[in-house]
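# A structural walkthrough
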Amino acid sequence: MNTVQQTTYDILRSNGMNIIFGNPGSNELPFLKNFPEDFTYVLGLQEATVLGIADGYSQASGKPALVNLHSAAGTGNAMGALANAWNSHSPLIVTAGQQHRAMVSVEPYLTNIDATLLPRPLVKWSYEPSTAQEVPYSISRAIHTAMSEAKGPVYVSIPYNDWAQEAEQQSQSLISRKVTSRRALDTDSLDSIATAISSAQNPVMVLGSDVDADDANDLAVQLAEKLKCPVWAAPSTPRCPFPNRHRSFKGLLTSGINSISEQLQAHDLILVIGAPVFRYHQYEAGEYLPANAKLIHITCDINEASRAPAGDAWVADIKPALQQLVTAVEEKTTALPDFRNSPLQMGLTSPMRPETVFDTLNWAAPENSIFVNESTSTTAAMWERLTFAGQGSYYYAAAGGLGFAMPAGVGIQMARPDRQVFVVIGDGSSNYSIQALWTAAQYSVPVIFIVMKNGTYGALRWFASVLEVGDIPAFDVPDINFSKLAEGYGVQAFSAGTPNELEQAIASARRTGKPALIEVETWGALQ
Ligand code: TPP
């Protein structure tokens, strides 16, 4: 007879989840006893880092990822990262060890009190099995819940004495269980959307991260080429849904109500696919949509559909819906205009402008590189200057929670050893999950971190001007030596002050095949 622990590992194995991302404590040790040889444990030194690595891995591999945290304190440390995972629809199965069942009600040390409430509202499902025999059922349910659209994190709290118990014989059937959920548009919906598109004079597409997550960027290109229309990336999109050098690509939409309406002013039909309507940031009074514009929203997430302030929404999975639309819409007979804007030419300054750093990086990076962004004030410049070519080329913190990029970069590089990952990160943001450097070094993950050192929280300075709050006492972050921090965690360090030095540093880092951090002093970006 198998134990609860053996059965759970069998379920994980059959779902392709042979990596456990964790930081253990006493409650979690029995789960790790006799750790199976075909599994890998990826240790992160703080739980925000653990969850961020798993998030990057899951997004880049398209697979569910198991996260093992230490009781309430470990879950608490991971909550900021969980906010990002929730917003990027990352299928993370987050588990936390609970105290021994015989003692939970008297609340001993390390009890996870009201465990199921703790991660809410950032999980799709949260559960603590009522018996040990229920553990395999709840892990199986957790995986299938996380992986059904809209995907997202789930949470299971497991008392530590459950693992050695005998599993129920019937629970063995969970190992081969499959749940399939694929939702296309029904015929009436498809007809009415295709008719609205065909009768529009001047449509525009706004695409979001779920296009990339559903492996549908090529279909988005086919649709844009049939409609001969411009394409925007949705405000603050955490993934790139469309090749940003394609002639249809206009850029990254801004994030204020009024500004978005102004940017979309010329259009009578706004087709939003795989994004919320919209992810606003600064409050700007105004109309949600331009006058006389109709909005059609296709999303895999019922919450995104129901909370949108305007337009009509259809809930369907992005890839099948795009496939249907590409087949259903008529091709416009006009030539495809070139909607691209050319970035400004930059003169060489010292320190370098962020724009110059990006131009150099774009030149020095291999063609199919992956960029993870947490250089907050330079996001617009990055979208203008770096090339995001194929599927899965760009990642960003979906909830705006800093501490995403360093660990996510490690997880993404683990999932995609065939592509070079660059984490481009501000000197402020670099401090939120810096322990990810240690995991990169210990597990030989050759990600390259480029720290944009402007000595300040640049994005907050910009926001302070938007909110008209003047100077505040918490803007600057001087005197941090990132090269020494990197070396302290076992990562080779470089610094670069010119395009040539940056190019050399990237080449040297890549030759070693090891992780590297390149510290680059910069000016603020042009706003
Ligand atoms: N804490 C978390 C967890 N997330 C946040 N978004 C913030 C604080 C607020 N915040 C947003 S941008 C920012 C801060 C503190 C500054 C980041 O500065 P830096 O990484 O140096 O990049 P820069 O803006 O200078 O490009």
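This text gives an overview of the structure that appears in the document. (Residues numbered from 1 in each chain as written. Predicted model: local features only at pLDDT ≥ 70, side-chain atom pairs only at ≥ 80, totals over all residues. Heavy atoms only, no water.)

### Structural notes on the overall build of the protein chain
What counts is decided by this rule: Note on conventions: DSSP H or I runs of at least 4 residues are helices, E runs of at least 2 residues are strands, and numbering of each starts at the N terminus. Radius of gyration: C-alpha atoms only; globule rule: 2.2 Å multiplied by the number of residues to the exponent 0.38. Only protein chains enter the accessibility calculation, which uses a 1.4 Å probe; a residue whose area is less than 20% of its type maximum is buried, one above 50% is exposed, and one in between is partly exposed. Pairs of residues are marked as contacts when any of their non-hydrogen atoms sit within 4.5 Å. Computed by Shrake-Rupley with a 1.4 Å probe, the accessible areas treat only the displayed protein chains as cover when residues are assessed. Lys and Arg are tallied as positive, Asp and Glu as negative. Neither His nor the chain termini are counted. Throughout, a charge is located at the NZ atom of Lys, the CZ atom of Arg, the CG atom of Asp or the CD atom of Glu.
Helix and strand counts for the protein chain stand at 18 helices and 18 strands. Against the globule reference of 24 Å for 527 residues, the protein chain gives a C-alpha radius of gyration of 24 Å, in line with a compact fold. A principal-axis box enclosing the C-alpha atoms of the protein chain has dimensions of 70 × 60 × 45 Å. Residues counted as buried form 56% of the 527 residues belonging to the protein chain. In the protein chain, the share of contacts with a sequence separation of at least 24, taken over all contacts with a separation of at least 6, comes to 76%. A total accessible area of about 21300 Å² is found for the protein chain, and carbon and sulfur atoms account for 51% of it. For the protein chain, the distance from the average site of its 34 positive side-chain charges to the average site of its 50 negative ones is 5 Å.

### Describing the site of the ligand
Note the cut-off: Think of it this way: one heavy atom of a residue within 4 Å of a molecule or strand is enough to make that residue near it. Counted as a polar contact is a pair of N or O atoms within 3.5 Å, where, for protein atoms, one must be capable of donating a hydrogen and the other of accepting one, and residues adjacent in sequence contribute only when both atoms are in side chains. The nonpolar class holds Ala, Val, Leu, Ile, Met, Phe, Trp, Tyr, Cys and Pro. Asp, Glu, Lys and Arg form the charged class, and all remaining residues, Gly among them, are polar.
The environment of the ligand is made up of 17 residues, and the closest members are T376, S377, S429, G458 and A459. Between S429 and the ligand, the recorded distance is 2.6 Å, taken from a side-chain N or O atom to an oxygen atom. Contact with the protein chains removes 78% of the 590 Å² of surface that the ligand exposes when unbound. Take the shell around the ligand: its biggest share by element is three residues, from helix α16 (residues 458–467). In the shell around the ligand, the residues fall into five nonpolar, 11 polar and one charged.

### Details of unusual backbone geometry
Leaving glycine aside, a negative phi is the common case for residues, and trans is the common case for peptide bonds. A cis amide bond, omega 10°, links R120 with the succeeding residue P121. Relative to the helices and strands, P121 resides in the loop between β4 (92–98) and β5 (126–127). Residue E107 is not a glycine yet carries a positive backbone phi of 50°. Mapped onto the fold, E107 is located in the loop between β4 and β5. A relative accessible area of 47% places E107 in the partly exposed class.

### Details of the sheet that holds strand β13 (residues 370–374)
Let me state the cut-off plainly: Strand pairing is assigned whenever DSSP identifies at least 2 bridges connecting the two strands. Axis definition: a line fitted to C-alpha atoms, over the contacting stretch in the case of helices. Angles run 0 to 180 degrees between N-to-C directions.
Pairing within the open sheet is parallel, and its six strands lie in the order β14-β13-β15-β16-β18-β17. Two strands lie at the open edges of the sheet, namely β14 (394–396) and β17 (492–496), each paired on one side alone. Each neighbouring strand pair of the sheet contributes to a mean axis angle of 20°, computed without reference to strand direction. Where β13 lies against strand β15 (residues 421–426), five bridges are found, and the strand directions are parallel. The residue bridging E374 from the neighbouring strand is I425, located in β15. The sheet contacts of helix α14 (residues 405–415) involve β13, β14, β15, β16 (448–453) and β18 (516–521), and relative to β15 the element is tilted by about 180°.

### Details of the pairing of β17
Applied cut-off: Orient the strands so they point away from the viewer, and a crossover whose first-strand-to-second-strand path over the helix runs clockwise is right-handed.
Bridge analysis of β17 against β18 gives five bridges, and the strand direction is parallel. Its bridge partner lying in β18, Q492 is registered against A516. Crossover β17 to β18 through helix α18 (residues 499–512) is right-handed.

### Remarks on the packing of helix α12 (residues 354–364) against α18
The line we're drawing: Our angle categories are set so that under 35 degrees counts as roughly parallel, over 145 as roughly antiparallel, 65 to 115 as roughly perpendicular, and the remainder as oblique. Should the near helix be turned anticlockwise from the far one by less than a right angle, the crossing is left-handed, and should it be turned clockwise, the crossing is right-handed.
Across the interface, α12 lies against α18 with an axial gap of 10 Å and an inter-helix angle of 40°. Viewed along their axes, α12 and α18 adopt a mutual orientation that is oblique. Taken as a pair, α12 and α18 cross one another with a handedness that is right-handed. Where α12 abuts α18, its residues T356, V357, T360, L361, W363 and A364 lie against P499, L502, E503 and I506. In the contact of α12 with α18, the residues fall into seven nonpolar, two polar and one charged.

### With respect to the nonpolar core
Formally: Throughout, nonpolar core names a set of buried Ala, Val, Leu, Ile, Met, Phe, Trp, Tyr and Cys residues whose side chains join them through atoms within 4.5 Å.
Of all hydrophobic cores here, the largest spans 62 residues; its most connected members are M205, L223, L322, L361 and I518. It is helix α8 (residues 217–227) that provides the largest number of residues to this core, a total of six residues. Leave out the neighbours within four places in its chain, and M205 touches A220, L223, A224, L227, C229, P230, V231, W232 and L271. With 52 residues, the next largest nonpolar core counts F21, A60, F404 and I425 among its residues.

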